[in-house]
Every structure is written in C-alpha cells, then in structure tokens.
Amino acid sequence: MADSLSHSDPTLYRTPAEAVAAPPEKLAYVVGFDRTARRPDALMTVDTDPGSPSYGRVVNTARLPNLGDELHHFGWNACSSALAHACHSDPQRRFLILPGLRSSRLHVFDTRPDPARPRLVKVIEADELAAKAGYSRPHTLHCGPGGVFLSCLGGAYGAEGPGGVALLDHETFDVLRPWETDRAPQHLAYDVWWHLGHDIAVTSEWGTPSMIENGLDAELLLRRGYGHALHFWELGTGRHLQRVDLGDEHQMVLELRPAHDPEATWGFAGVVVSVADLSASVWLWHRDGPAFAVRKVITIPAEPAAPEDLPPALKSFGAVPPLVTDINLSVDDRWLYVSAWGTGELLQFDVSDPFHPRRTASVRLGGIVGREPHPSAPDVPLTGGPQMLELSRDGRRVYVTNSLYGAWDDQFYPGGIRPWMAKLDADTGHGGLAADPRFFPHGDDFQGLRVHQTRLQGGDASSDSYCFR
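Residues numbered from 1 in each chain as written. Predicted model: local features only at pLDDT ≥ 70, side-chain atom pairs only at ≥ 80, totals over all residues. Heavy atoms only, no water.

Okay, the overall build of the protein chain next. Each helix and strand in the protein chain was counted, giving five helices and 30 strands. Relative to the compact-globule value of 23 Å for 469 residues, the protein chain shows a C-alpha radius of gyration of 20 Å, a close match. Dimensions of the protein chain, computed from C-alpha atoms along their principal axes, come out at roughly 60 × 50 × 45 Å. For the protein chain, with 469 residues in total, the buried portion stands at 63%. Taking as baseline every contact in the protein chain between residues at least 6 positions apart, the subset at least 24 positions apart corresponds to 59%. Just so you have it, the protein chain exposes about 15900 Å², and 50% of that area is on carbon and sulfur atoms. (Helix = DSSP H or I, 4+ residues; strand = E, 2+ residues; numbered from the N terminus. Rg over C-alpha atoms; globule rule 2.2 N^0.38 Å. Buried < 20%, exposed > 50% of the residue type's maximum accessible area, 1.4 Å probe, protein only. Contact = heavy atoms within 4.5 Å. Areas by Shrake-Rupley, 256 points an atom, 1.4 Å probe, with all protein chains shown as cover.)

In structure tokens:
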C-alpha cells in the first residue's frame, strides 16, 4: 500500500514505530462538565511538559456557549489513517470535535494558532445530526476512512434506537449520513473501531438513552438487558457481517482497542460487570477462519466489603464490583491498561501474547471503599477512581481522570465526585506503574467541573489507526 497523498502535519505517522519514536506530548486536552448544568461545560488544556513551570496545571479553559451538554468522548478530525485514504486535501490533526452526550450538539475547536488555547469555531446542532444521520446522543468519535466516525446511542427526535454511527466530513464537519447500509440484528451501540488493512469494522454495545441517562437500572441489569455482544462489519460499505454474543451475564461491552499493527486481526473489549459474580472482564476478538471469535482473557473479581461502607446500590451485595469502564492498548501492542473504576485500581498487563495476558502492575487511586489518596496529597481521600485513561504514543505515560457519567457517578459515589487527573509513569521494559507526585490537578483547578476524557497533543494510543507496518 502506497501513500495516497502528501501532507504537512508531522503528527501523522506512517507506522506505529514512527508514532512511538515521535517527540512527547507537551499538552493534554481534557473535557469537563457541570453535573448541575448551571454552568457551561469546557475544554481545558493541561501542561504535560516536565520542564515547564506550569507542569501539571490547567493553563486554559475554553467554555461552551450552552448549558447541559455533558461533554464525554471527543477526538481529532484527522489522524494517521489519512495517509492511505485520500479523504483530505491536506490532512492536519488540528480540530477537536467534542460531542455533548446529553444535548446531542457537536462542538469544533481549532487548536491553531495557539495549541494551548483552542478556539470554538463551529457548533453542529442536534437537529442536523438527527435529520442527516438519524441519530442522537453522540458518544465516541474516531477519524477514519471516508469521514469522521461518530457512534451514537439513540435514534433521532426522541427515538430510543437503534443507535449507530454517523459519518462527518473531515474538513467541514458537516453530518454526511449514517454509516450503516445493512445493520441486520444490531440495535445497541457504544464504540466503533476497525482493522483498516482488512476492511473490517467492530462495534460494541451499552444501551439506549433511557437505559443509561438516569443511572444504572438495577432491574434491567439483573434481567440481563444491557449490551453483551460485538458486531463485525464491512468497513467500506457499512454492511453487517457477524454478531458474536459474549453471553448475557456479561453486561455492557464498552471500549474497543484493536491491535495497532495494520496486519493484525485481533483486539480487546472491556466488559463492565458479570451479573453472576460482579466480576469484570476483558475479551479478545480474533479471526477464526473466515469469521471472528471471542474469548475471555482477563477476569477481575469483585472485592468483599462491609455493607455500611457501600452505596445503596451495592449494600445488598456485600462487595465492590471492579466496574471496568476503560481499557487502552499501547501503540506497540505490548501493554494493556485496565481501569477498575469501582475498586479504584489501574492495572497493567503484558499482552505480548494477546491470548494469555500477564498482570505486571497496578496502582490504586480513589475507589468506592478504599478512597486511596494521591501520593502528593496523602491526607486527602479521593472520590471516583481511574476511569477514562489515555496513553502516550511511546507508552511511558498514562493519564487518568475520575468521572464516568453524571448519573452513574451519583449512584456509585453518592457523596459526590471531586475532579482529579493523575499521570502515572510506566515501565515499558519489564512492567511497572508509579504515580507522578508532581502531576495532580484536582478540585478547584478544574473550576469544579467533573473531568472525563483526555486527548494528547500530537495524538495518543487511542487516536490513531495505522496503514503501514
């Protein structure tokens, strides 16, 4: 496969190895939301340059023009996949697109000319997403072939579903159309990713808007009503190929992390909880002949706890579920990181053999019962736990934030969530994790906004798909 266009952006990398060797990020972009919807949400910039006098501090806050958006997952307009797909005239990783999960608005920020101070340049209203793609509740986006892929949980104009993927133009950000041409049995949505070299896409399942917006529905969970399958598609056409059920005890199949090697046909999916024993798990999908198969490769058990230490939603169980809400795979496909938001644990696994992950390290911060403090503030119990995590291109730095989703935060941390962000240094030789005591923006640093996802200047482990080895 040869490059289909030239480009002027040095942060678009031909291969995973080039991305790993690129200069480290100097800035991180973090979205924050106001749970009360009385103040606008914001895109905040954090200094990640250890040599800077403002290292570990919020250096800019760009507010949105409206209330009640609840910013969630966001991403770039362009990434390294553009090097083999002529969908830009001159691709540049320049614009950040921020979906409002509750409002269904999309916000476009320009990181030029000053990367530390992004500027809001466009707002796409919910009506455009509904009219042109038939969706609402935009959740996750990835830049890819043919457009920006935007996964959405709900249907248009109040319809519960089906959820699915909208395509946006890389340069104008106009909503183009729904990506799917034949969805077959797929109804629930969450994440979307792909294997570019094989023309295969993968989607996962959470729930429709009414299943999530008021918090976890315990009755629905026990009825095994949340998503529990993966779907495989023809990437170029949006045609459904295969549904693989993980078993309905495994509720909420969320983050997808395919191998970065463009020749590979495997990846990891995180499952929030098993209704059989409250454990969480990570599953491997892989090609098995002409079709795909899945297998559970990591199980994280629930931890016993006194009922008086648990929130009302968990008292009758006498245990803390790990609640795996994010996973991230290093660009070299060697290290997998798993966030256990319930127990407050961030785990590191060596996945050199993806069929047999080997646990190598863990760090605890926060947690429903543990409330483990950060080393820079040992007397301050933390609320929330490692939730969304982002990994630097070289794999040496892991950034974590502590809010999941407003209504779910309130159920599992009813005392409230005070925002924090941490950076952990990773040993990429033999394994290991340690919190950086110099990097801990929290509380008023975020002006009281709860912080969710992080993106790194120049890209990160979950921003890019590569076309070349």
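The discussion continues.
Another point: empty space enclosed by the protein. All told, the structure shown has seven cavities of 30 Å³ or more when counted by the stated rule. If you go around the largest cavity, you meet 19 residues; those closest to its centre are Pro-258, Ala-259, His-260, Asp-464 and Ser-465. Contributions of two or more residues to the lining of the largest cavity are made by β12 (192-195), β16 (250-258) and β22 (324-329). Here the residues of the lining of the largest cavity sort into 10 nonpolar, six polar and three charged. (1 Å grid on protein atoms, 1.4 Å probe; cavity = no way out; pocket = protein on both sides within 12 Å on 5 of 7 lines; lining within 4 Å. Points joined across faces, edges and corners; volume = space filled by probe spheres on them. Nonpolar A, V, L, I, M, F, W, Y, C, P; charged D, E, K, R; others polar.)

A few words now on the side chain of His-231. Its place among the elements puts His-231 in strand β14 (residues 229-234). A relative accessible area of 0% places His-231 in the buried class. A polar contact of 2.7 Å, which involves the side chain of His-231, links it to the side chain of Glu-205. Residues within four places of His-231 in sequence aside, it is in contact with Gln-186, Ala-201, Val-202, Thr-203, Glu-205, His-240, Gln-242 and Arg-243. (Polar contact = N/O pair within 3.5 Å; in protein donor to acceptor, adjacent residues only side chain to side chain.)

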